[in-house]
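# Observations on the model geometry
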Amino acid sequence: MTPGQDANSTFYRSASIFINEPIGSMSLSPANRDVVLAARKGLYIVDLESPFAPPRFLAQLSSWEAADVQWSPHPARSHWVASTSNDRLLIWNLNRPEGAPRRLPPFMAESGVSAGGRGHIGGGTRMSRQANTGSMTSAHSNEHLAALSVSPSSTAAAHSVYHQASSGSSLRSSAIEYVLQAHTRAITDINFSAHHPDILASCAIDAWSWVWDLRTPGKPVQGYSAWNAGATQVKWNRSTPHRLATAVANKVLIWDDRKGALPLATIEAHENMIYGLDWSRDTTSAGLDQLITCSLDGAVKWWDLSAPASKEAIAARTRITEPEQVIQTATPIARARHLPFGRGVMTLPQRGDHTLSMWARDDQLPDGGPVERFAGHRDIVKEYLIRTRGGGDVEHDDRRFQLIT
């Protein structure tokens, strides 16, 4: 710890938290202070500055595991959380008081449909807590998982609303604002737009990718179909609000809302199913055409749509097959994302390994192996996140990072 750092902040400490529920996915608040964990029973929201306090519990009691949960990254919509329940997309409003009826989409309200048939049953939670000063990551087996992070003090007021309504074990949840349904098969991924706080996308095994506007939640505002295979990932471009990428089997389809229902580009990326997709973090024009993919074939590939070979394929409406760079790992890869610093990526194995690996973009290591490995779990890691602190100094990069698994 360096001078000026808060000795009481959990951001600079390692810890492990145990929650006795099977967790399907997790996401973090835009305030960098809270983590939401999605389970079949509902959502658990953990205050990362008080990680051993009972979490806020929002009941939903589904028979389906949550494939994904996403906290809106926009401070203006920090009360929105989206999660999946089979073919339904649930929008949670963390500002809703307990006991308030769920708001229906306009087309349902006009037809007199009642929300009573989809009430939310409160349930008890079972928790135990465990300190672990020697581990940077959290316990993560079938009974999952945990987090540790922090936010600037200026976000404390916004954070307090997430926990004010919930420490009880038998509260009836009313936090689901909308239930969005257009898919006919299970949803596999959701993603909020980086540019519009009310826009998010979903994809499913039914091969469709739907775009939703929460200002008019009655039906999707856009739809794109791959027709011949289910979709596994959907991600918005960070440089433009117009581009959307969908992973379908071993291919990636790039959509542009100005180009109609045909994909702008098709990337034949891997030999096996793609489970990870991430656009460049560069929000300038340089990041417009750059993305990475990972697959069960163990490869992580960088793609550039502005490369000459890619431009030729796009102009001829053929498939892009030449990546910029390839990293071959020893295990199937479930997630690969750009690091918030440097030019590397972090990979999460789908099976066969319990550690996360950090790789250099330019393959600078003599043996071609990872720069760093993060071990600590005794079972397959299902998700990871990287939190940042600092960044206010315009003269130099003073950011600090914390890994949460």
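Here, every reference points to the structure presented above.
In this report, we go over the structure that sits alongside the text. The structure presented is a predicted model; accordingly, all values stated were derived computationally and were not measured.

What counts, and where the lines are drawn
- Residues numbered from 1 in each chain as written.
- Predicted model: local features only at pLDDT ≥ 70, side-chain atom pairs only at ≥ 80, totals over all residues.
- Heavy atoms only, no water.
- Helix = DSSP H or I, 4+ residues; strand = E, 2+ residues; numbered from the N terminus.
- Buried < 20%, exposed > 50% of the residue type's maximum accessible area, 1.4 Å probe, protein only.
- Contact = heavy atoms within 4.5 Å.
- Areas by Shrake-Rupley, 256 points an atom, 1.4 Å probe, with all protein chains shown as cover.
- Pairing = 2+ DSSP bridges.
- Axes fitted to C-alpha atoms, helices over the stretch in contact; angles between N-to-C directions.
- Salt bridge = Lys/Arg side-chain N within 4 Å of Asp/Glu carboxyl O.
- Phe/Tyr/Trp six-rings, centres within 6.5 Å; stacked < 30°, edge-to-face > 60°.
- Lys NZ or Arg CZ within 6 Å of the ring centre and 35° of its normal.
- Polar contact = N/O pair within 3.5 Å; in protein donor to acceptor, adjacent residues only side chain to side chain.
- Core = buried A, V, L, I, M, F, W, Y, C linked by side-chain atoms within 4.5 Å.

### As for the overall build of the protein
- Summing up its helical and strand segments, the protein has three helices and 28 strands in all.
- Across the 405 residues in the protein, those meeting the buried criterion constitute 53%.
- When contacts within the protein are restricted to residue pairs at least 6 apart in sequence, long-range pairs at least 24 apart make up 58% of them.
- A total accessible area of about 17800 Å² is found for the protein, and carbon and sulfur atoms account for 49% of it.

### Re the environment of glutamate 324
- Position of glutamate 324 relative to the elements: it lies in the loop between helix 3 (308–315) and strand 22 (325–328).
- The spacing of glutamate 324 and lysine 301 is 23 residues in sequence and 7.3 Å in space, taken between C-alpha atoms.
- Excluding residues that lie within four positions of it along the chain, glutamate 324 makes contacts with Trp302, Trp303, Asp304 and Arg361.

### Focus on the pairing of strand 12 (residues 199–204)
- For strand 12, the tally of buried residues reaches six of six residues, placing the bulk of the element in the interior.
- Taking every second residue as pointing to the same face, both faces of strand 12 are buried, with Ile199, Ala201 and Cys203 on one and Leu200, Ser202 and Ala204 on the other.
- Bridge count between strand 11 (residues 187–192) and strand 12: five bridges; the pairing is antiparallel. Across the sheet, the residue bridging to asparagine 191 is alanine 201, located in strand 12.
- Counting the residues that bridge the hairpin from strand 11 to strand 12 gives six residues.

### A closer look at the sheet that holds strand 14 (residues 222–225)
- Taken together, four strands build an open sheet; the order of strands is 11-12-13-14 and the sheet is antiparallel. Each of the sheet's edge strands pairs with one partner strand only, and the pair in question is strand 11 and strand 14. Here the average twist between neighbouring strands, direction ignored, is 15 degrees.
- Inspection of the sheet shows strand 12 paired to strand 13 (residues 208–213) by five bridges, in the antiparallel sense. Paired with cysteine 203 across the two strands is serine 209, which belongs to strand 13.

### Digging into the pattern of salt bridges
- Inspection of the entire model under this criterion finds 14 salt bridges.
- Two residues, glutamate 65 and lysine 382, come together in a salt bridge whose shortest N-O distance is 2.7 Å. Of this pair, glutamate 65 sits in the loop between strand 5 (56–59) and strand 6 (69–71) while lysine 382 sits in the loop between strand 26 (372–374) and strand 27 (385–389), and the two are 317 residues apart along the sequence.
- Judged by relative accessible area, glutamate 65 falls into the partly exposed class, the value being 40%.
- Accessibility expressed as a relative area gives 31% for lysine 382, which makes it partly exposed.

### A word on the sheet that holds strand 6
- Spatially, 6-7-8-10 is the arrangement adopted by the four strands of the open sheet, whose pairing is antiparallel. Sheet topology places strand 6 and strand 10 (176–180) at the edges, where each strand pairs with a single neighbour. Adjacent strand axes in the sheet meet at a mean angle of 15 degrees, parallel and antiparallel pairs treated alike.
- Where strand 7 (residues 80–85) meets strand 8 (residues 88–93), six bridges bridge the pair, whose relative direction is antiparallel. Bridge assignment links threonine 84 to a residue of strand 8, and that residue is leucine 89.

### Re the environment of valine 371
- Along the polypeptide, valine 371 turns up in the loop between strand 25 (356–359) and strand 26.
- Owing to a relative accessible area of 44%, valine 371 belongs among the partly exposed residues under this scheme.
- Spatially, the C-alpha atoms of valine 371 and methionine 358 are 5.5 Å apart, while their sequence positions differ by 13 residues.

### Some thoughts on the packing of aromatic side chains
- The final tally for this structure, using the stated rule, is seven aromatic pairs.
- With a centroid separation of 4.9 Å and 35 degrees between ring planes, the pair formed by tyrosine 44 and phenylalanine 57 is classed as tilted. Separated by 13 residues along the polypeptide, tyrosine 44 in strand 4 (residues 42–47) and phenylalanine 57 in strand 5 bring together distant segments of the chain. Grouping residues by exposure puts tyrosine 44 and phenylalanine 57 together as buried.
- Clustering of aromatic rings is evident, with ring pairs tying together Trp208, Trp210 and Trp227.
- It is arginine 337 that lies over the ring of tyrosine 384; its NZ or CZ is 4.9 Å from the centre.

### Considering the side chain of arginine 243
- Looking at where arginine 243 falls in the secondary structure, it is placed in strand 16 (residues 243–248).
- For arginine 243, a relative accessible area of 12% gives the class buried.
- Within the structure, arginine 243 has its side chain in polar contact with the side chain of aspartate 289 (distance 2.6 Å).
- Excluding anything up to four places from it in sequence, arginine 243 contacts Lys235, Trp236, Asn237, Ile254, Trp255, Asp256, Leu264, Leu288, Asp289 and Leu305.

### Brief notes about the nonpolar core
- If you look at the biggest cluster of nonpolar residues, it comprises 16 residues, and the most contacted ones within it are Val252, Ile254, Ile267, Leu291 and Ile320.
- The set of elements that each furnish at least two residues to this core consists of strand 16, strand 17 (251–256), strand 18 (265–268) and strand 19 (274–279).
- When residues of this core are assigned to their parent elements, the largest contribution, three residues, is made by strand 19.
- Contacts of isoleucine 254, omitting those with residues within four sequence positions, involve Arg243, Leu244, Ala245, Pro263, Leu264, Ala265, Trp279, Leu291 and Leu305.
- Residues Ile45, Leu58, Ala66 and Val179 belong to the second largest nonpolar core, which totals 15 residues.

Just geometry here; none of it tells us what the structure is for.
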